[in-house]
Amino acid sequence: MDSWPVNWEALDALIIDFAKSENLIDDSSPPSSPLSSSYHSRLIIRQIRRSLEVGKIDAAIDLLRVHAPSVLEDQRLLFRLQKLKFIELLRKGTRDDRAFAIDYSRKSLAPCALNAYPEAYEEFKHVLLAFIYDKDDQTSPVANEWAEKRRYEIAGLVSSVLRAYFHAYNPIFSMTLSYLMSIHKGFCFRQGIVSPISNLTERLLLEERDFPAIPPESLYEAQMFDEVDIQALAHAVELTRQGAIDSLRFAKSDLFEAFQNEICRMRLDDAMLDELVREYCVYRGIVESGMKTVSEALKGTTSESGCCSSPESSIDVDHRRAKRSSSETSATTDLSSMQGTEPTNNLEDCSPSGSNHSENSSLLRNRSHGTGERSKRKRWRGRCDELDFISDNHFNRCRKQEVSPALQVASATISKGVDRTNVEDKYEIVLRMKELASTGMAAEVVEEINALDPNFFERNPVLLFQLKQVEFLKLVGLGDHSGALRVACSHLGPLAARDPNLLKPLKETLVSLLRPSEDTLVTGLPLHALATSLQVAFGKSLGIEEPQLMRIMRATLHTHSEWFKLQMCKDRFESLLRIDSLKENNTPVLTSLTASKSNAESCTLGSSQATISSTTRVSDDGSSPNQASSRDVICDENAILKVMEFLALPRADAIHLLAQYNGNAETVIQQIFA
């Protein structure tokens, strides 16, 4: 799974948008996604949730009256809140609170129970038993009412309602990650595969979900929903058929709104997610690293991170960087101007700090460029704004910024025993190599890496071949055919002689000699993918492990593809979640001059669709099924939906059964019930 290609530039964009929309970095530009621009509303929801979770029901109701008064017009929701308040009054245990609970039940709870829903008055009479049964009595008939988990259930329910009310959905990256991990866990379970990232997903994606929002009573009138939409939603977010219908009813038949409502019910460990994102941003050069290394954050060996970092650390970092900047020369050549274009990403700061490598003249040539660009990186601030918005000290979630246990057991980003200055130097060196490669400066990359690690390309000959490919094509584009042939004879030919797999790309590269110079464009090559591959490989040689988030994305995107191969259909929601852009053909192996994208055949959910089913499933390692041993059966989409509906089966199982009975849905159903 770890070899699955990912469009890292697309992931960078999602990560930056997530960090902006959650106010995790200092940045004045707005998030690019309209779904990620509701930070203020999400803070309101978090504050109301936390008020309910700690039993401050009056505070939550007051906030609802101010920010979402129409939500309290739903008597069903109001009754649940009032019932919880009644319990919390009794939980305090004082004589005055008990008297107030009696008065509250008479004046507020009982009248609301009469109008809430048919079972509400019975629930009201049942909860009155709390007067005589102690909260510590686990065998009492009201033990569930006393349980503190009831707070979290109501908090989740109210959060679901408010998300739809404000249209304050989670940032796209958060929804995408939840969705991909959910599919990954389900796929591994069904296929009997041990997940290589289970230590991360089990802690990052929480088991509990928020309670679903209750559709308004006016929407319970008979409505017709497309069975295609019902099944797509039910199997995307693991709902029953009735649950999918209720979700569509609440969203007024809008499939994508229903999907967002459901995917936001999935809970992530926010502290762990923030650390994963921060680690990735430091690795990719999106944010400043600061004195504290990611390895220390993962292992919990230093004090709090993010907004709660020591002020002295920031001062020390700024002072040290200022000293470096003043010692560097200002006369350099801009890397991007050598190509006539500027980099399109914001990961431009890639110079080494030079504390251990200042003796290498190749690194000194362009250090001032890297130092200038480094100032463009964002500062990681963490979830600090919640301190200003939420007045109660109990809600100071930014207060600790504790590292999640999952990150403490994850592999260290940087080896132990490396001093902080050297750690940052290594990050800067690796980022510089990545930036050079992404701007097509292959010769400079090879020269500088050889100066730092003469044996690196002996261990990574394919990377050397790819870099020399870029250098060859760049020379051809400039009309220097003699220089290009020298590169081919000195490097590409010998490398291909040692690795037969490189012969084909070598031949395709040489064809560029026959084309006009202006048609040989380095910009048509996946330079960013090559740069990322180089960053990962060269980083490891310096003791810098790739971020855990990279592993998660590779594995989950792989299982997403394999899951929908089993379903024999296209994911209805992959465009909404940008999954298609994360999978865009951006392979780092440069095999041709022009980027070519394969038009993979995929079936869409529709009434006129036919699906070709095979009785052979994809193997555990993701390899293609043996088509020679499979018996293809054309399954009508209506037959698939009928089996899924009547037997409550996943799509893949329905297709598998239809394949056994020549695609006849009636026969399948009869055989099952017989």
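Residues numbered from 1 in each chain as written. Predicted model: local features only at pLDDT ≥ 70, side-chain atom pairs only at ≥ 80, totals over all residues. Heavy atoms only, no water.

## Let's talk about the overall build of the chain
Right, on to step 1. When helices and strands are counted, the chain shows 32 helices and four strands.
Right, on to step 2. Considering only contacts within the chain whose residues lie at least 6 apart along the sequence, 74% involve residues at least 24 apart.
Right, on to step 3. Carbon and sulfur atoms provide 51% of the accessible area of the chain, an area that totals close to 29900 Å². (Helix = DSSP H or I, 4+ residues; strand = E, 2+ residues; numbered from the N terminus. Contact = heavy atoms within 4.5 Å. Areas by Shrake-Rupley, 256 points an atom, 1.4 Å probe, with all protein chains shown as cover.)

## Focus on empty space enclosed by the protein
Right, on to step 1. Using the criterion set out here, one finds two cavities of 30 Å³ or more in the structure.
Right, on to step 2. Considered as a void within the structure, the largest cavity measures approximately 200 Å³ in volume.
Right, on to step 3. For the largest cavity, the lining is made up of 19 residues, of which Gln231, Ala232, His235, Phe564 and Cys569 are closest to its centre.
Right, on to step 4. Among the secondary structure elements, those contributing two or more residues to the lining of the largest cavity are α9 (172-191), α11 (227-236), α28 (548-567) and α30 (637-647).
Right, on to step 5. No other element matches the five residues that α11 contributes to the lining of the largest cavity.
Right, on to step 6. For the lining of the largest cavity, the residue count by class is 12 nonpolar, three polar and four charged. (1 Å grid on protein atoms, 1.4 Å probe; cavity = no way out; pocket = protein on both sides within 12 Å on 5 of 7 lines; lining within 4 Å. Points joined across faces, edges and corners; volume = space filled by probe spheres on them. Nonpolar A, V, L, I, M, F, W, Y, C, P; charged D, E, K, R; others polar.)

## Examining the nonpolar core
One broad rule of soluble globular proteins: the nonpolar side chains tend to lie buried together.
Right, on to step 1. Counting 113 residues, the largest nonpolar core has Phe173, Tyr179, Phe259 and Met553 as the members making the most contacts within it.
Right, on to step 2. Broken down by element, this core gets its largest block of residues, 10 residues, from α9.
Right, on to step 3. By size, the runner-up hydrophobic cluster in this structure holds 48 residues, among which are Ile45, Leu72, Ala113 and Phe124. (Core = buried A, V, L, I, M, F, W, Y, C linked by side-chain atoms within 4.5 Å. Buried < 20%, exposed > 50% of the residue type's maximum accessible area, 1.4 Å probe, protein only.)

## So, the packing of helix α1 (residues 8-21) against helix α14 (residues 270-284)
Right, on to step 1. Across the interface, α1 lies against α14 with an axial gap of 11 Å and an inter-helix angle of 125°. Considering their axes alone, α1 and α14 lie oblique with respect to each other. Between α1 and α14 lies a crossing whose hand is left-handed. Mapping the contact onto sequence places Trp8, Glu9, Leu11, Asp12, Ile15 and Phe18 in α1 and Leu273, Asp274, Val277, Tyr280, Cys281 and Arg284 in α14.
Right, on to step 2. Considering only residue class, the contact of α1 with α14 consists of eight nonpolar, no polar and four charged. (Axes fitted to C-alpha atoms, helices over the stretch in contact; angles between N-to-C directions. Parallel < 35°, antiparallel > 145°, perpendicular 65-115°, else oblique. Left-handed = near helix turned anticlockwise from the far one by under 90°.)

## Examining unusual backbone geometry
Right, on to step 1. Of note, Asn23 is a non-glycine position whose phi angle comes to about 60°, a positive value.
Right, on to step 2. Within the chain, Ser253 stands out as a residue other than glycine whose phi angle is a positive 75°.
Right, on to step 3. Looking at the secondary structure, you find Ser253 in the loop between α12 (241-250) and α13 (255-263).

## Here we look at the pattern of salt bridges
Right, on to step 1. One pass over the structure, following the stated rule, counts 37 salt bridges.
Right, on to step 2. With a shortest N-O distance of 3.3 Å, Glu9 and Arg284 are connected by a salt bridge. With Glu9 in helix α1 and Arg284 in helix α14, the pair connects residues that are 275 residues apart, well separated along the chain. Per residue, the accessibility class of Glu9 equals that of Arg284, and both read buried. (Salt bridge = Lys/Arg side-chain N within 4 Å of Asp/Glu carboxyl O.)

## A short note on the packing of aromatic side chains
Right, on to step 1. Taken as a whole, this structure holds 11 aromatic pairs when the rule is applied.
Right, on to step 2. Consider the rings of Phe18 and Phe173, whose centres lie 5.7 Å apart with planes at 65°: the pair is edge-to-face. In this pair, Phe18 sits in helix α1 while Phe173 sits in helix α9, placing the two residues 155 residues apart along the sequence.
Right, on to step 3. Taking relative accessible area as the criterion, Phe18 reaches 1% and is therefore assigned buried.
Right, on to step 4. On the accessibility criterion, Phe173 (1% relative accessible area) is buried.
Right, on to step 5. Ring plane angle 80° and centroid distance 5.1 Å describe the contact between Tyr165 and Phe166, whose orientation is recorded as edge-to-face.
Right, on to step 6. We classify Tyr165 as partly exposed; its relative accessible area is 35%.
Right, on to step 7. Among the aromatic residues, ring-to-ring pairing joins Tyr179, Phe256, Phe259 and Phe573 into one connected group. (Phe/Tyr/Trp six-rings, centres within 6.5 Å; stacked < 30°, edge-to-face > 60°.)

## What to know about helix α32 (residues 665-673)
Right, on to step 1. Listing the buried residues of α32 in full gives Ala665, Val668 and Ile669. Within α32, the buried residues cover an arc of 95° as seen down the axis, which keeps them to one side.
Right, on to step 2. Packed against the buried residues of α32 are α30 and α31 (651-660). (Arc of directions from axis to C-beta.)

## Brief notes about the packing of α14 against α28
What describes two packed helices is the angle between their axes and the distance between those same axes.
Right, on to step 1. Put simply, α14 and α28 touch, their axes get as near as 8 Å, and they point 105° apart. Taken together, the axis directions place α14 and α28 in an arrangement best described as roughly perpendicular. Between α14, through Leu276, Glu279, Tyr280, Tyr283 and Arg284, and α28, the contact on the second element is made entirely by Gln548, Leu549, Met550 and Ile552.
Right, on to step 2. Grouping the constituent residues of the contact of α14 with α28 by class yields six nonpolar, one polar and two charged.

## Details of the confidence of the model for the chain
Right, on to step 1. Taken residue by residue, the chain gives an average pLDDT of 77. The fraction at 70 or more is 70%.
Right, on to step 2. Contacts of residues 387-418 to residues separated by more than four positions or lying in other chains number 74 contacts, the stretch itself having pLDDT below 50.
Right, on to step 3. Below pLDDT 50 for its whole length, residues 591-631 participates in 93 contacts with residues either more than four positions away or in separate chains. (pLDDT = per-residue confidence, 0-100.)

## A short note on the environment of Gln260
Right, on to step 1. The topology assignment puts Gln260 in helix α13.
Right, on to step 2. Distance from Gln260 to Arg163, taken between C-alpha atoms, is 9.5 Å for residues 97 residues apart in sequence.

## What about helix α27 (residues 527-541)?
Right, on to step 1. Compared with an ideal rise of 1.5 Å per residue, which puts 15 residues at 21 Å, α27 spans 21 Å between its outermost C-alpha atoms and is within 8% of the ideal.
Right, on to step 2. Counting buried positions along α27 yields 11 of 15 residues, so the element is predominantly enclosed.
Right, on to step 3. Gly543, located one to two residues past α27, shows a positive phi value of around 90°. (Expected span 1.5 Å × (residues − 1).)

## Quick word on the environment of Ile197
Right, on to step 1. Relative to the elements of secondary structure, Ile197 occurs in the loop between α9 and α10 (198-204).
Right, on to step 2. With 12 residues separating them along the chain, Ile197 and Lys185 place their C-alpha atoms 9.8 Å apart.
Right, on to step 3. Contact partners of Ile197, with chain neighbours within four places excluded, come to His184, Arg551, Ile552, Ala555 and Thr556.

## A word on the environment of Arg163
Right, on to step 1. Of note, Arg163 is situated in helix α8 (residues 149-166).
Right, on to step 2. Distance from Arg163 to Arg265, taken between C-alpha atoms, is 9.6 Å for residues 102 residues apart in sequence.
Right, on to step 3. If we ignore the near neighbours within four places in the chain, the residues touching Arg163 are Ile45, Arg49, Ala168, Tyr169, Asp210, Cys264 and Arg265.

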